[in-house]
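Chain by chain, the residues:
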Amino acid sequence: MITLSTLNKYKKDGRKFSCLTCYDAMFAKMMENAEVDTILIGDSLGMVVQGHDSTLPVSVDDIVYHTANVARSNKHALILADLPFMSYATLDDAIANSRKVMQAGAHVIKIEGGSELCDIVTTLANAGTPTCVHLGLTPQSVNVFGGYKVQGKSDDSAAQLINDAKAVVKAGAAIVLLECVPAALAKAVTEAVDVPVIGIGAGADTDGQVLVMHDMLGVTHGRVARFVHDFLSDEDNEARSVQGAFSLFHQSVIKGSYPKEEHQFN
Ligand code: KIV
């Protein structure tokens, strides 16, 4: 079974690790068989499962329901679960809602933001709840950003992102997740903190890689982000099976053959 200690050792040893979003028991079992290292019950479920335009309508009860489904089925992966939009706007909310999600089977709580989360991170860590802080493109703030845009492109915003990462780690964050930032910035953050860093659209140099399960199976609609690769129809997935796609993703991340340069932002 993968734990935070496993991921810390992987970082020290330079062994990359895989992460996929998952929302139900059968896919969770296939991810277990494929030895995917970590699973995220992401609030992306609002878009890929519930059909909303953003992650904002997702509730804590939704995350609890899907986390329980996944945790019952997968005994191998470290399980991360999102606290959804506005469910950690106050310290009391963060504590109460983390409790529900951890009791559903999560091992780590993911929250979106920057150094303003330090109090929450420290309080949760002291209460036995590790956090993963999601930086860069944080989809819960889509209305602040005015769309899903690459973050950290200017010198100032890149410096701010590095400072945010250092601050939340100092406050006790166990994992940092970077979404849609230039590859060089993701590399700098990964080297600047001593906790595992997971990337999505953040180049090849983060410690782990995450993709939304539907995207990497080619179950998409409309525009596909440049960092997405369809592992189901990849010719190296000889069985053309879903489990084969999970396994190919896991192996590609470990071997460093995903992501490639064409998947990154500069
Ligand atoms: O909710 C989600 O799936 C996520 C990933 C995009 C990292 O936060």
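Refer to the structure above for everything that follows.
What you see is a predicted model; the values in this text were computed from it and never measured. (Residues numbered from 1 in each chain as written. Predicted model: local features only at pLDDT ≥ 70, side-chain atom pairs only at ≥ 80, totals over all residues. Heavy atoms only, no water.)

Asks: A description of helix α1 (residues 4-13) should follow, citing residues and the corresponding values.
Replies: Residues of α1 that are buried include every one of Thr6, Leu7, Tyr10 and Lys11, and no others. Considered in projection along α1, the buried side chains sweep an arc of 140° and stay on one side of the axis. Seen from the buried face of α1, the exposed residues on the opposite side, beyond 90 degrees, are Ser5, Lys9 and Lys12. Where α1 is buried, its residues contact β1 (17-21), β2 (38-41), β3 (78-82), β6 (175-179), α9 (183-192) and β7 (197-200). Measuring from the backbone nitrogen of Ser5 back to the side-chain oxygen at the start of α1 gives 3.3 Å, which picks out Thr3 as the cap. The first or second residue beyond α1 is Gly14, which carries a positive phi of 75°. (Buried < 20%, exposed > 50% of the residue type's maximum accessible area, 1.4 Å probe, protein only. Helix = DSSP H or I, 4+ residues; strand = E, 2+ residues; numbered from the N terminus. Arc of directions from axis to C-beta. Contact = heavy atoms within 4.5 Å. Polar contact = N/O pair within 3.5 Å; in protein donor to acceptor, adjacent residues only side chain to side chain.)

Asks: Break down the pattern of salt bridges for me, with residues and values.
Replies: Counted by the stated rule, this structure contains six salt bridges. Residue Lys9 is joined to Asp13 by a salt bridge in which the shortest nitrogen-to-oxygen separation is 2.6 Å. Residue Lys9 and its partner Asp13 are located together in helix α1, separated by four residues, close to a single helical turn. Taking the shortest distance from any N to any O, the salt bridge between Asp37 and Arg15 comes out at 2.8 Å. Taken together, the residues span a long stretch of sequence, with Asp37 in the loop between α2 (25-33) and β2 and Arg15 in the loop between α1 and β1 at a distance of 22 residues. (Salt bridge = Lys/Arg side-chain N within 4 Å of Asp/Glu carboxyl O.)

Asks: Explain the environment of Gln140 residue by residue, including any values.
Replies: Note that Gln140 resides in the loop between β5 (131-136) and α7 (142-145). Since its relative accessible area comes to 8%, Gln140 is described here as buried. Remark: the alpha-carbon pair of Gln140 and Ile111, spanning 29 residues in sequence, is separated by 9.7 Å. Here Gln140 is in contact with Asp43, Thr55, Leu56, Leu83, Pro84, Phe85, Tyr88 and Glu112, once residues within four sequence places are set aside.

Asks: Could you give an account of the environment of Lys75, naming the residues involved and the relevant values?
Replies: Looking at the element boundaries, Lys75 is found in the loop between α4 (60-73) and β3. Relative accessible area serves as the criterion here: at 55%, Lys75 is assigned to the exposed category. In the structure, Lys75 is positioned ten residues away from Phe85 in sequence and 28 Å away in space, judged by C-alpha atoms. Sequence-distant contacts of Lys75, defined by excluding residues within four places in its chain, comprise Met1 and Glu32. Engagement of the side chain of Lys75 in a polar contact is seen with the backbone oxygen of Ala71, the distance being 2.9 Å.

Asks: Give me the packing of aromatic side chains: which residues, what numbers.
Replies: The final tally for this structure, using the stated rule, is five aromatic pairs. Seen in terms of ring centroids, Phe231 and Phe249 are 5.4 Å apart; in terms of plane orientation they differ by 80°. Their pairing is edge-to-face. Taken together, the positions of Phe231 in the loop between α10 (213-216) and α11 (242-255) and Phe249 in helix α11 put the pair 18 residues apart, joining distant regions of the chain. Residue class for Phe249 comes out buried when judged on its relative accessible area of 0%. Ring geometry for Phe249 and Tyr258: centres 6.1 Å apart, planes at 55°, overall tilted. (Phe/Tyr/Trp six-rings, centres within 6.5 Å; stacked < 30°, edge-to-face > 60°.)

Asks: Can you lay out the pairing of β7 for me, pointing to particular residues and giving the numbers?
Replies: By the alternation rule, side chains of β7 split into Val197 and Gly199 and Ile198 and Ile200, which are all buried. Sheet topology note: the β6/β7 ladder contains four bridges and is parallel. Residue pairing across strands places Leu177 opposite Ile198, the latter belonging to β7. The β-α-β motif built from β6, the intervening α9 and the parallel element β7 has right-handed crossover chirality. The pairing of β7 with strand β8 (residues 208-211) spans two bridges and is classified as parallel. Paired with Gly199 across the strands is Gln209, a residue of β8. (Pairing = 2+ DSSP bridges. Right-handed = clockwise from strand over helix to strand, strands pointing away.)

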